[in-house]
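Listed below are the residues making up each chain.
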Amino acid sequence: MTRTAITAHVLFVLLLAAWAPPCAAAQLQLDGLTWPEVRDALRGGSTTILIPVGGTEQNGPHMALGKHNVRAARLAERIATQLGHTLVAPVVAYVPESAGHMRFPGTISVSGEAFSGIVTGAARSLRQHGFRDIVLLGDSGDYQPLLRQVSERLNREWAGSGARVHYIAAYYQAATTGYAQLLQEAGFSPAQIGPHAGLADTSLMLAVDASLVHTDRLAEASPQTGVTGDPTRASAALGQKGVDLIVGKTVTAIRQALAGTR
């Protein structure tokens, strides 16, 4: 084959790759697969699955109610990609919410018992189909103890079976304490960062899906409108630092958890 022919062949391959439809994310999402595809993934060694947990709650006048759901889904995709041989279950969107959030229209809250039942049922279903490591990732704070309780209860129930549930506290810790520390080191105050819909939350959302943030309404943020913190200096660049931190810390924690069950 001449040099010209080789060059032409390489260019053809590159063009095909450029025009190939994006499918990596779809291949990770359980609800984007057919049952034979899930069966084949399991046979191919993809026996780890993430259950991302979000929530449908008010996020001030500037950010959509589905913040936690979108964030949990997108970050879970990145985490699964880095782990390899890992799928992502549908996000659990109905969770226990605080009375403070329930003051605002659109927030949906369920009982702790109902929430634990949904997560438990999902985990049992996935185990039945052959998943061996079921990972719980919670994007909001109120239900973190419930996720831990579900994992402990199922691990007692499944003792000796080879299947495990892993509650990964590092995910939420990185998204809150870890990210807040990073922002403080960048010169922002705790009052600006805020625990809810402030600088931290808004920056993460701008990095994950900016379409869910109404930047023309940032100045309306206040405790009276459901915001604790100051989102006016939020940016996608700051949010990307948080995304990288959360994904990195979570991947490390999951790998350690999986290694401990081998």
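Here, the structure is the one placed above.
Conventions adopted
Residues numbered from 1 in each chain as written. Predicted model: local features only at pLDDT ≥ 70, side-chain atom pairs only at ≥ 80, totals over all residues. Heavy atoms only, no water. Buried < 20%, exposed > 50% of the residue type's maximum accessible area, 1.4 Å probe, protein only. Helix = DSSP H or I, 4+ residues; strand = E, 2+ residues; numbered from the N terminus. Pairing = 2+ DSSP bridges. Expected span 1.5 Å × (residues − 1). Contact = heavy atoms within 4.5 Å. Phe/Tyr/Trp six-rings, centres within 6.5 Å; stacked < 30°, edge-to-face > 60°. Axes fitted to C-alpha atoms, helices over the stretch in contact; angles between N-to-C directions. Parallel < 35°, antiparallel > 145°, perpendicular 65-115°, else oblique. Left-handed = near helix turned anticlockwise from the far one by under 90°. Nonpolar A, V, L, I, M, F, W, Y, C, P; charged D, E, K, R; others polar. Core = buried A, V, L, I, M, F, W, Y, C linked by side-chain atoms within 4.5 Å.

Engineer: What is the right way to look at the pairing of strand β1 (residues 48–53) in this model?
Structural biologist: For a regular strand, side chains alternate in direction, first toward one face of the sheet and then toward the other. Of all six residues making up β1, six are buried, and the element is well covered by its neighbours. The two faces of β1 match: T48, L50 and P52 on one face and I49, I51 and V53 on the other face are all buried. Here β1 pairs with strand β3 (residues 133–138) via six bridges, running parallel. The residue of β3 that forms the bridge with P52 is L137.

Engineer: Would you take a moment to explain helix α11 (residues 236–259) for this structure?
Structural biologist: Along an α-helix, a turn takes 3.6 residues, which lines up residues three or four apart on a common side. An ideal rise of 1.5 Å per residue puts 34 Å on 24 residues; α11 measures up with 34 Å between its terminal C-alpha atoms. The complete set of buried residues in α11 reads L238, G239, G242, V243, L245, I246, V247, T250, V251, A253, I254 and L258. Where α11 is buried, its residues meet β1, α4 (67–83), β3, β4 (164–167), α8 (169–185) and α10 (199–209).

Engineer: Explain the packing of aromatic side chains to me, please; I cannot follow it from the model alone.
Structural biologist: Any aromatic ring pair is given by two values, namely how distant the centres are and how the planes are angled relative to each other. Counting across every chain of the model gives one aromatic pair. Seen from their ring centres, F115 and Y143 are 5.2 Å apart, and the 35° between their planes marks the pair as tilted. Taken together, the residues span a long stretch of sequence, with F115 in helix α6 (residues 112–128) and Y143 in the loop between β3 and α7 (144–157) at a distance of 28 residues. Here F115 matches Y143 in class, with each residue buried.

Engineer: Where do I start with the sheet that holds strand β2 (residues 86–88) in this structure?
Structural biologist: Backbone hydrogen bonds hold the strands of a sheet together, and the pairing may be parallel or antiparallel. Read across the sheet, four strands follow the order β2-β1-β3-β4 without closing on themselves; strand pairing throughout is parallel. A single partner strand is all that each edge strand has here, and the edge strands are β2 and β4. Neighbour-to-neighbour, the strand axes of the sheet open up by a mean angle of 25°, direction not taken into account. Here α6 sits on the sheet in contact with β1, β3 and β4, set at roughly 165° to β1. Strands β1, β3 and β4 of the sheet are contacted by α7, whose axis makes an angle of about 160° with β4.

Engineer: Is there a simple way to think about the side chain of H62 in this case?
Structural biologist: Relative to the helices and strands, H62 resides in the loop between β1 and α4. On the basis of relative accessible area, H62 is assigned to the buried category, the value being 0%. Beyond its immediate sequence surroundings of up to four residues, H62 is in contact with A197, T202, L212, V213, H214, R217, L218, V227 and P231.

Engineer: Explain the packing of α6 against α7 to me, please; I cannot follow it from the model alone.
Structural biologist: Two packed helices can be described by the angle between their axes and the distance between those axes. At a closest axis distance of 10 Å, the pairing of α6 and α7 adopts a crossing angle of 45°. Classed by the angle they form, the pair α6 and α7 counts as oblique. The crossing of α6 and α7 is right-handed. Touching G112, F115, S116, V119, T120, A123 and R124 of α6 are L146, L147, V150, R153, L154 and E157, all from α7. Looking at the contact of α6 with α7 residue by residue, the classes come out as seven nonpolar, three polar and three charged.

Engineer: Could you clarify how one ought to interpret the nonpolar core in this entry?
Structural biologist: It is characteristic of soluble globular proteins that their nonpolar side chains tend to be buried jointly. Core analysis: the biggest nonpolar cluster contains 44 residues, and L50, I79, L137, L183 and I254 have the highest contact counts within it. Only α4, β3, α8, α10 and α11 provide two or more residues apiece to this core. Counting residues per element, this core draws most heavily on α11, at nine residues. Once you skip the residues sitting within four places of it in the chain, I79 turns out to touch L50, L137, Y171, V247, T250, V251 and I254.

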